[in-house]
Amino acid sequence: MDVQTWIIFVMEMIGTVAFAASGAMVGMGRRMDIFGVCVLGVITSVGGGMIRDVFLGIIPPGVFQKPVYALVATITSCLVFLVLYVKRHLLEGHFKEIYDRALLIMDSIGLAIFTVVGVNTGIQQGYLHHTFLLVFVGTITGVGGGLLRDMMAGVPPCIFVRHIYACASIVGAWTCALISQHFGNVEAMVISAAVVMLIRCCAAHYRWNLPRLEEDDQ
């Protein structure tokens with residue numbers, strides 16, 4: 001395994017753990033049992049990648065060719081369940097703010113990494129100069145798992161209601177696609193992941209939102 005492949009693998013593992021943790025935390029917040037928590041953790045981690053692989057014609061999807069991602073997601077989900085099961089007070093009272101912040105951080109890390117991993121997968125399939133396709137597969141990889149998670153958890157999908165989310169993924173995917181066409185893939189992935197994280201953190205801090213109809217406007 002060369003250096004570039006190793007760096008990409010490490011990024012994928014970090015993203016898998018981050019998204020699995022966010023999915024498991026949503027499951028715990030919805031008072032699911034350990035099986036439900038694990039399902040949400042795994043689907044958040046691999047769901048976007050599965051959709052991406054189908055679009056790119058990678059059959060069977062990568063998660064079935066390399067089960068290590070699903071295994072890591074399951075272990076992470078179980079650990080999150082055990083911690084929050086023992087420390088139930090972390091879901092209540094003033095600890096709720098810490099819980100929400102941790103969920104934001106995990107979700108942002110996963111979004112950033114899987115967005116650029118999605119773009120890199122498209123490049124590896126020979127679509128380096130198909131910018132629109134790369135942006136699409138990067139975005140769907142980043143937001144797909146979270147979308148499936150929220151639908152299964154019965155909550156409004158965060159890509160439609162939360163502070164700039166899908167738009168951050170789109171900007172990051174576009175940045176990664178353009179940089180990759182002129183520089184190395186790893187450099188593009190690191191820079192673009194940082195861009196997504198920066199946009200998400202600023203959006204959460206300054207409460208940036210896209211225009212929408214408020215109740216007072218009806």
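This is a predicted model, so every value here is computed, not measured.

### Notes on the side chain of Thr121
For step 1, the next point in the chain: Within the element layout of this structure, Thr121 appears in helix 5 (residues 95-124).
For step 2, the next point in the chain: Apart from the residues lying within four places of it in its own chain, the contact partners of Thr121 are Arg52, Asp53, Leu56 and Ile58.

### Section: helix 4 (residues 68-86)
Residues separated by three or four positions in an α-helix point in the same direction, a consequence of the helix having 3.6 residues per turn.
For step 1, the next point in the chain: The end-to-end C-alpha distance of helix 4 is 27 Å, a good match for the 27 Å that 19 residues give at a rise of 1.5 Å each.
For step 2, the next point in the chain: Among the structural elements, helix 1 (3-29), helix 2 (34-56) and helix 5 are those in contact with the buried residues of helix 4.

### Observations concerning the pattern of salt bridges
For step 1, the next point in the chain: Scanning the entire structure with this criterion turns up three salt bridges.
For step 2, the next point in the chain: Between Arg149 and Asp107 there is a salt bridge, with the nearest N and O atoms lying 3.3 Å from each other. Of the two residues, Arg149 sits in helix 6 (residues 131-153) while Asp107 sits in helix 5, which places them 42 residues apart along the sequence. In this structure, Arg149 and Asp107 share a single accessibility class: buried.
For step 3, the next point in the chain: Salt bridges sharing common partners tie together Asp107, Arg149 and Asp150.

### Comments concerning the environment of Thr5
For step 1, the next point in the chain: Tracing the backbone shows Thr5 in helix 1.
For step 2, the next point in the chain: Thr5 sits 149 residues away from Gly154 along the chain, and the two C-alpha atoms are 37 Å apart.

### Here's the deal with the packing of aromatic side chains
For step 1, the next point in the chain: Overall, the coordinates contain six aromatic pairs when judged by the stated rule.
For step 2, the next point in the chain: Taken together, a centroid distance of 6.4 Å and an interplanar angle of 55° make the contact between Phe9 and Tyr69 tilted. Taken together, the residues Phe9 in helix 1 and Tyr69 in helix 4 connect sequence positions 60 residues apart.
For step 3, the next point in the chain: A residue is classified by how much of its surface remains accessible, and Phe9, at 24% relative accessible area, is partly exposed.
For step 4, the next point in the chain: Taking relative accessible area as the criterion, Tyr69 reaches 12% and is therefore assigned buried.
For step 5, the next point in the chain: Here Phe81 and Tyr85 contribute two aromatic rings whose centre-to-centre distance is 5.5 Å and whose plane-to-plane angle is 20°, an arrangement assigned as stacked. In this pair, Phe81 and Tyr85 both sit in helix 4, four residues apart, roughly one turn of the helix.
For step 6, the next point in the chain: Under the relative-accessibility criterion, Tyr85 is labelled partly exposed at 44%.
For step 7, the next point in the chain: Through a chain of ring-to-ring contacts, the aromatic side chains of Trp6, Phe9 and Tyr69 assemble into a single cluster.

Conventions used here
Residues numbered from 1 in each chain as written. Predicted model: local features only at pLDDT ≥ 70, side-chain atom pairs only at ≥ 80, totals over all residues. Heavy atoms only, no water. Helix = DSSP H or I, 4+ residues; strand = E, 2+ residues; numbered from the N terminus. Contact = heavy atoms within 4.5 Å. Expected span 1.5 Å × (residues − 1). Salt bridge = Lys/Arg side-chain N within 4 Å of Asp/Glu carboxyl O. Buried < 20%, exposed > 50% of the residue type's maximum accessible area, 1.4 Å probe, protein only. Phe/Tyr/Trp six-rings, centres within 6.5 Å; stacked < 30°, edge-to-face > 60°.

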